[in-house]
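Summary of the model geometry
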Amino acid sequence: MQLELVSPMGKSDDGKVQANLLSVDAEMKDLTVHLLDNGKWNANHLFSSLETALQDRVRHVSRSKKAHYSVNADTATIQEIARSSDFVVTGVGD
Amino acid sequence: MANDLVALNVTEVSWAEELYSLGWDDGLPVIPPTPDTVEKFCSAVGLSGELGLFRMPPSNRLATVRAVAANSVMAGAKPEYFPTILAALSAITEPEFNLHAVQCSTHVVTPLIILNGPIRHHIEINCAAGVFGPGPRSNVTIGRSVRLAMMNIGGARPGELDRSTLGNPAKISYCIGEREEVSPWSPLHVAMGFKPQDSVVTVFQAEAPHSVTNHLSSDPYEILSSIASTMSSMGHNNAWLMGKMVVVVGPEHAISLGDAGWARSDVQRYLYQRARISMSEFQFGRLGKERFYNRHWPVWFDRGSAEERWPVVESPDDIIVMVAGGDEGRFSAVIPGWGLRAVVSKVISADR
């Protein structure tokens, strides 16, 4: 026999995402990078090393830290990062 | 066929096994979410099944009433539980709860659902013996409905988007009621500002409960010393980053505290003073060298003093004190938290 079942999965978007993406031709030396530290122990060390590695390869590296790993970055911080940066690295998992 | 319907070929004998093939389960068998059973849940709250309620991270798929109802049917819930299930899901999808992080964390964290008010009686929520389980149907299936929705709509499955290193039995179901009738204090929801006649769901970013055994003492200081000691473990997140904690005081302990005239605020202040971790412990007992530097510690915490003791919560108000459990047995429980803003409460509305 055939059972007809209601899917428990909810509705997804149709796969289209609206975003302003970097051009694949963008030169790293022209880019501004932001490092958003989520407050975990190793984020500080990782991003310090990353900042050193990127400094001579991109136009500018900026950093900020969330108040706590468990809370979202505040809206003003996110807006400022979006306004002033070409791409963001955030983390870390642990 | 409507676009949220799935056809499955089964036999009268094999249907439970066949449902596993769909990947909608939590390891336990699920009840088939047929359209007519799902519709009973939608009717119970007077909402169209197509209504979109909230997006559930990390997938951010839209939770429709039908999808949530399907998860509730699968969990074995009754339609009369549905307002509570919806309120709990609404609470955990509030931005301040940061469900995305809860769903994906390497920690054992899961939402603890606490129920207060008349709803406990209306749907026979267990607040007494065996409050953390197993059973009864109401507690377990409400918790399971929420978890199945988190997995199916939210998309967080172990080893995939749910990155929890160890998992947690409470990730199957975690729903309790407060035993307001034997508490010497006001109900938890009243302490939070709700009216006594409100039915309220409170969700908390929680670990599993840690038992506190104290069969020796009727003295409040001694009972609370046991609880404070359990709160002072190095193994939970509060030790490193504070946050909130839930303390479930068992009725025998609660009677002793109440008879001695201790208010809830007295309990919170005593625990705040005593539930602390020393610098020596943070150095893992290795003296002479600071092995652990916590950049989150504020300036008022004296890193240079071996006698300094770090509180596991930021303030006494971050210790959420409630009463639950059976009449026999001098036990309480401590439930460490995970994040800073770990608590959201919602009124459960039967009329939507």
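Our subject is the structure that appears above.
Residues numbered from 1 in each chain as written. Chains lettered and ligands numbered in written order. Predicted model: local features only at pLDDT ≥ 70, side-chain atom pairs only at ≥ 80, totals over all residues. Heavy atoms only, no water.

Looking now at the overall build of chain B. Helix and strand content of chain B: 13 helices and 13 strands. Against the compact-globule benchmark of 20 Å for 352 residues, chain B has a radius of gyration of 22 Å, which places it among compact chains. When burial is assessed residue by residue, chain B has 57% of its 352 residues classed as buried. For chain B, contacts bridging at least 24 residues in sequence account for 80% of all contacts bridging at least 6. In the structure as shown, chain B presents an accessible area of about 14300 Å², 52% of it carried by carbon and sulfur atoms. Positive and negative side-chain charges in chain B, numbering 29 and 36 respectively, have mean positions lying 6 Å apart. (Helix = DSSP H or I, 4+ residues; strand = E, 2+ residues; numbered from the N terminus. Rg over C-alpha atoms; globule rule 2.2 N^0.38 Å. Buried < 20%, exposed > 50% of the residue type's maximum accessible area, 1.4 Å probe, protein only. Contact = heavy atoms within 4.5 Å. Areas by Shrake-Rupley, 256 points an atom, 1.4 Å probe, with all protein chains shown as cover. Lys, Arg positive; Asp, Glu negative; His and termini not counted. Charge placed at Lys NZ, Arg CZ, Asp CG, Glu CD.)

Attention now moves to the sheet that holds strand S3 (residues 60–65) of chain A. All names here are of chain A. Spatial strand order, S3-S2-S4: three strands in an open sheet with parallel pairing. Sheet topology places S3 and strand S4 (87–91) at the edges, where each strand pairs with a single neighbour. Recorded for the sheet is a direction-independent mean angle of 20° between the axes of neighbouring strands. Of the pairings in the sheet, the one linking strand S2 (residues 32–37) to S4 comprises five bridges and is parallel in character. Its bridge partner lying in S4, His 34 is registered against Val 88. (Pairing = 2+ DSSP bridges. Axes fitted to C-alpha atoms, helices over the stretch in contact; angles between N-to-C directions.)

The next point concerns the nonpolar core. Residue and element names in this part refer to chain B. Counting residues in each nonpolar core, the largest one holds 83 residues, and the members touching the most others are Phe 82, Leu 89, Ile 227, Met 231 and Leu 271. Among the elements that make up this core, the one with the highest residue count is helix H4 (residues 82–92) (eight residues). Setting aside residues up to four positions removed in sequence, Leu 89 forms contacts with Phe 54, Met 56, Val 68, Val 146 and Ala 149. By size, the runner-up hydrophobic cluster in this structure holds 18 residues, among which are Val 131, Ile 176, Phe 204 and Val 246. (Core = buried A, V, L, I, M, F, W, Y, C linked by side-chain atoms within 4.5 Å.)

Next up on the list: the sheet that holds strand S11 (residues 319–323) of chain B. Residues and elements named next belong to chain B. In space, the four strands of this open sheet follow the order S7-S12-S8-S11, with mixed pairing throughout. Each edge of the sheet is formed by a strand with only one pairing partner; in this case those strands are strand S7 (210–213) and S11. Neighbouring strand axes in the sheet, compared pairwise and without regard to direction, differ in orientation by 20° on average. In the sheet, strand S8 (residues 245–249) pairs with S11 via five bridges, with the strands oriented parallel.

Residue and element names in this part refer to chain B. Residues of helix H11 (residues 251–259) that are buried: Pro 251, His 253, Ala 254, Ser 256 and Leu 257. Among the structural elements, S7, helix H9 (220–231), S8, helix H12 (264–274), S11 and strand S12 (331–336) are those in contact with the buried residues of H11. Backbone geometry just after H11 places Gly 261 at a positive phi near 85°.

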